[in-house]
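One letter stands for each residue in the lines below.
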Amino acid sequence: MAAAPVIIQSAAKHTSTLIFLHGLGDTGHGWATTMGMIRTPDMKVICPTAPTIPVTLNAGFRMPSWFDLKTLDIGGPEDEEGIKRAAKNVHELIQSEIHSGISSNRIMLGGFSQGGALALYAALTFAEPLAGVMALSCWLPMHKNFPGVLKCPNTVPILQCHGDCDPVVPYKFGQLSSSVLKSFMKNSQFQSYRGLSHSSSEAELEDMKKFIEKHVPRQ
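What counts and how
- Residues numbered from 1 in each chain as written.
- Predicted model: local features only at pLDDT ≥ 70, side-chain atom pairs only at ≥ 80, totals over all residues.
- Heavy atoms only, no water.
- Pairing = 2+ DSSP bridges.
- Helix = DSSP H or I, 4+ residues; strand = E, 2+ residues; numbered from the N terminus.
- Axes fitted to C-alpha atoms, helices over the stretch in contact; angles between N-to-C directions.
- Contact = heavy atoms within 4.5 Å.
- Parallel < 35°, antiparallel > 145°, perpendicular 65-115°, else oblique.
- Left-handed = near helix turned anticlockwise from the far one by under 90°.
- Nonpolar A, V, L, I, M, F, W, Y, C, P; charged D, E, K, R; others polar.
- Buried < 20%, exposed > 50% of the residue type's maximum accessible area, 1.4 Å probe, protein only.
- Right-handed = clockwise from strand over helix to strand, strands pointing away.
- Phe/Tyr/Trp six-rings, centres within 6.5 Å; stacked < 30°, edge-to-face > 60°.

### Concerning the pairing of strand β5 (residues 61-64)
The sheet contact formed by strand β4 (residues 52-55) and β5 spans four bridges and is antiparallel. Looking across to β5, one finds that Ile53 is bridged to Met63. If you look at the hairpin formed by β4 and β5, you'll find five residues sitting between the two strands, and Ala59 has a positive phi there, around 55°.

Take a look at the structure:
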């Protein structure tokens, strides 16, 4: 991880954790306040910042990025080593929470765009069951490797959210990723938002809030 993550401590006794990963070019500060608004009182929020690296898609320009993006074409080449390395870093964040006394099924992963893609991959390749994954405006990286590399139980809940007017990560990519996920995960849902571009909305945040309350109820 590049910089120290943004951490919002729980308002009540800490019994659950949300780790949320930002999109390309953003930082942990970009989503921290929003996640703080939708979490439960006993939930700690961790928003790490990606390392600054050259990004092929942006002509090699350096920016915060979890892994290199070579193209946004669903069948194009991917930075497989970078994705695996980033997932390992996320796994270490999860393990740190487990070591501090929070059980894995009280830890939720989430992310937007590239961060959502990493959240999906990291959750699916983590051996212990997480509380769930919230994947916003994103895709499933290295989708051809699944279910071969799946390590988590196939019952981990997944909430995929995507605007149907997304010009950056096309809605179709979200739909295709959803159909792949549903072929091997039992509890995966895909929520569409009419007129939403590559961003979030009140309706989406409300769905995320309900997802958190359902899968990580306050203790």
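### Observations regarding the sheet that holds strand β8 (residues 158-163)
If you trace the seven strands from one edge of the open sheet to the other, you get β1-β3-β2-β6-β7-β8-β9, paired in mixed fashion. Each of the sheet's edge strands pairs with one partner strand only, and the pair in question is β1 (6-8) and β9 (188-193). Averaged over all pairs of adjacent strands, the angle between their axes in this sheet comes to 15°, without regard to strand direction. In terms of strand pairing, strand β6 (residues 107-112) meets strand β7 (residues 132-136) through five bridges, oriented parallel. The residue bridging Leu109 from the neighbouring strand is Val133, located in β7. The strands touched by helix α4 (residues 171-184) within the sheet are β8 and β9, with β9 carrying the most contacts at an inclination of about 165°.

### A look at the environment of Val168
With respect to the element layout, Val168 can be found in the loop between β8 and α4. When the C-alpha positions of Val168 and His198 are compared, they lie 6.3 Å apart, and in sequence the two are 30 residues distant. Residues contacting Val168, with those up to four places away along its chain left out, are Leu72 and His198.

### Quick look at the packing of helix α1 (residues 29-38) against helix α5 (residues 202-215)
Relative to each other, α1 and α5 sit at 55°, their axes nearing to 9 Å. Classified by the angle their axes make, α1 and α5 are oblique. Considering how the two elements wind past one another, α1 and α5 form a crossing that is right-handed. For the pair α1 and α5, the contacting residues are Thr34, Met35, Met37 and Ile38 in the first and Leu205, Met208, Lys209 and Ile212 in the second. Partitioned by chemical class, the residues of the contact of α1 with α5 number six nonpolar, one polar and one charged.

### Looking at unusual backbone geometry
Of note, the bond from Phe146 into Pro147 is cis; its omega dihedral lies within 30 degrees of zero at 0°. Along the chain, Pro147 turns up in the loop between β7 and β8. Even without being a glycine, Ser113 presents a positive backbone phi close to 55°. For Ser113, the position within the fold is in the loop between β6 and α3 (114-124). On the accessibility criterion, Ser113 (7% relative accessible area) is buried. The backbone phi angle of Met142 is positive, close to 50°, even though this residue is not glycine. One can find Met142 in the loop between β7 and β8.

### Regarding the pairing of strand β3 (residues 43-47)
If a strand is regular, its side chains alternate between the two faces of the sheet. A large share of β3 lies buried, amounting to five of its five residues. Handedness of the crossover joining strand β2 (residues 16-21) and β3 through α1: right-handed.

### With respect to the packing of aromatic side chains
What the rule picks out here adds up to five aromatic pairs. The interplanar angle of 40° and the centroid separation of 5.0 Å between the aromatic rings of Phe20 and Trp31 together place this pair among those described as tilted. A residue pair is termed long-range when its members are at least 10 positions apart, and Phe20 in strand β2 and Trp31 in helix α1 qualify at 11 residues. For Trp31, a relative accessible area of 10% corresponds to the buried category. Their ring planes at 75° and their centres at 5.8 Å tell us that Tyr121 and Phe146 sit as a pair that is edge-to-face.

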